[in-house]
Amino acid sequence: MSFRDDSDDGRDLRKPFLHTGSWYRMGSRQSSMMGSTQAIRDSSISVLACVLIVALGPIQFGFTSGYSSPTQSAITKDLGLTVSEDSSFLYMGRLLEGFGVGIISYTVPVYIAEIAPQNLRGSLGSVNQLSVTAGIMLAYLLGLFVPWRILAVLGILPCTILIPGLFFIPESPRWLAKVGMTEDFEASLQVLRGFDADISVEVNEIKRSVASTSKRTTIRFAELKQRRYYMPLMIGIGLLVLQQISGINGVLFYSSTIFEAAGVKSSNAATFGLGAIQVVATLVTTWLVDKAGRRLLLIVSSAGMTVSLLVVAVAFYVKDFVSSDSGFYTAMSILSVVGVVAMVVAFSLGVGAIPWIIMSEILPVNIKGLAGSVATLANWFTAWVVTMTANLLLNWSIGGTFTIYMLVSAFTVIFVGKFVPETKGRTLEEIQFSFR
């Protein structure tokens, strides 16, 4: 099937703002929208351009998430807040943030999964978490030099670029097929794979998948008892909830506080170093996910988090019973910092990115909107709970807090080993059919 043949009727197909961004209707005869069609004929460049645009959303999310760590002390001091007032201030900000960012958290990985070629789906899907970590690191870095009020203003820049950029990317081919826009669906897929590519096999797979699902946009509650629905929904929600209960947001949001308790003098600089390490580890995941597989990386990642959190918990427990002037106390301080860094690295190698990838791959097309929204809501609710409780738990007992997070990570290993399937090297249609 060729996109060239569909454009021979002479219609003007250059409509970049049609259907919220379907510039895919640009005909190959009209050789230039941005100077040359050569870039658009290369499917990797076409898909990569779309991914880079939507990645601005997760960068915004990461920047917002990392904002509190370098600014918390300054905000408390400037506004004269107590610990409880500061926590309430942060919770309200997180609640307001959640309304917008919650949408981004779900739609970006799903969109990337639906436009990416099978052999690049894992790597491109990891860009979502990579962008989040890059945004966090950027907030940490600028927080070293910029007052907290100016830093808040700088945080709107990614969305300022993202919003107009959304008008220039194609709609998801699978979504277009689901709503019956067959001509647009094939045109969108053609521009994503390249004008010279043969997309007939992929078109037929998507059509079969859509035809095999209910044409209704909603399903009855009783139908959720079917394995094809409850298994992917349970796995998706389970992974995203466990991702948050592992305590990663508590560690990142209060990393400066944790480093201060460990005896690090320049805690904000150490926090930036932590953010940089997280970006590097996520880059490694982007490279590994389509080679090693999702399931293996999840097991290794959650097991690494369990060990790291155990080390941190033991180090802080021991510090409570030794003199602060002793060499053993210093050794435990160093060990706790190493454990925190190892925990963030282990998280970034799998638990950070892969739950979003798997969620976007396993949900059936006819419930993906509803089920994905429920999974994202569960993720954000648990993130809110962790954020709300982390400061209180750390004031109660740092060692006890990390022990709780360690037990959750250990349970994650069991959950992945028992329920999560390997999705590497399979089309979305094959993955979803396996649950029937």
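The rules behind each value
- Residues numbered from 1 in each chain as written.
- Predicted model: local features only at pLDDT ≥ 70, side-chain atom pairs only at ≥ 80, totals over all residues.
- Heavy atoms only, no water.
- Helix = DSSP H or I, 4+ residues; strand = E, 2+ residues; numbered from the N terminus.
- Buried < 20%, exposed > 50% of the residue type's maximum accessible area, 1.4 Å probe, protein only.
- Contact = heavy atoms within 4.5 Å.
- Axes fitted to C-alpha atoms, helices over the stretch in contact; angles between N-to-C directions.
- Parallel < 35°, antiparallel > 145°, perpendicular 65-115°, else oblique.
- Left-handed = near helix turned anticlockwise from the far one by under 90°.
- Nonpolar A, V, L, I, M, F, W, Y, C, P; charged D, E, K, R; others polar.
- pLDDT = per-residue confidence, 0-100.

1. Things to note about the overall build of the protein chain
No. 1: A tally of regular secondary structure across the protein chain gives 22 helices and zero strands.
No. 2: Buried residues in the protein chain amount to 52% of all 436 residues.
No. 3: Long-range contacts, defined here as pairs at least 24 residues apart, represent 80% of the contacts in the protein chain between residues at least 6 apart.

2. What to know about the packing of helix H7 (residues 121-143) against helix H19 (residues 354-362)
No. 1: Here H7 crosses H19 at 125°, and the two axes come no closer than 9 Å. What the angle tells us is that H7 and H19 run oblique. Of the two elements, H7 crosses H19, and the hand of that crossing is right-handed. Residues Arg-121, Gly-122, Gly-125, Ser-126 and Asn-128 of H7 form the contact with H19, whose own contacting residues are Trp-356, Ile-357 and Glu-361.
No. 2: Tallied by class, the residues present in the contact of H7 with H19 amount to two nonpolar, four polar and two charged.

3. Comments concerning the environment of Val-210
No. 1: As for its position among the elements, Val-210 is in helix H12 (residues 200-212).
No. 2: A C-alpha to C-alpha distance of 7.3 Å links Val-210 and Val-365, two positions 155 residues apart in sequence.

4. Considering the confidence of the model for the protein chain
No. 1: In this model, the protein chain carries a mean pLDDT of 78, and residues with pLDDT of at least 70 account for 78%.
No. 2: When pLDDT is averaged over each element of the protein chain, helix H21 (residues 398-419) comes out on top at 93 and helix H1 (residues 3-6) at the bottom at 40.

5. Considerations on the side chain of Gln-278
No. 1: Tracing the backbone shows Gln-278 in helix H16 (residues 267-292).
No. 2: Under the relative-accessibility criterion, Gln-278 is labelled buried at 1%.
No. 3: Setting aside its immediate chain neighbours within four residues, Gln-278 contacts Gln-129, Thr-133, Ile-136, Leu-252, Val-344, Phe-347 and Ser-348.

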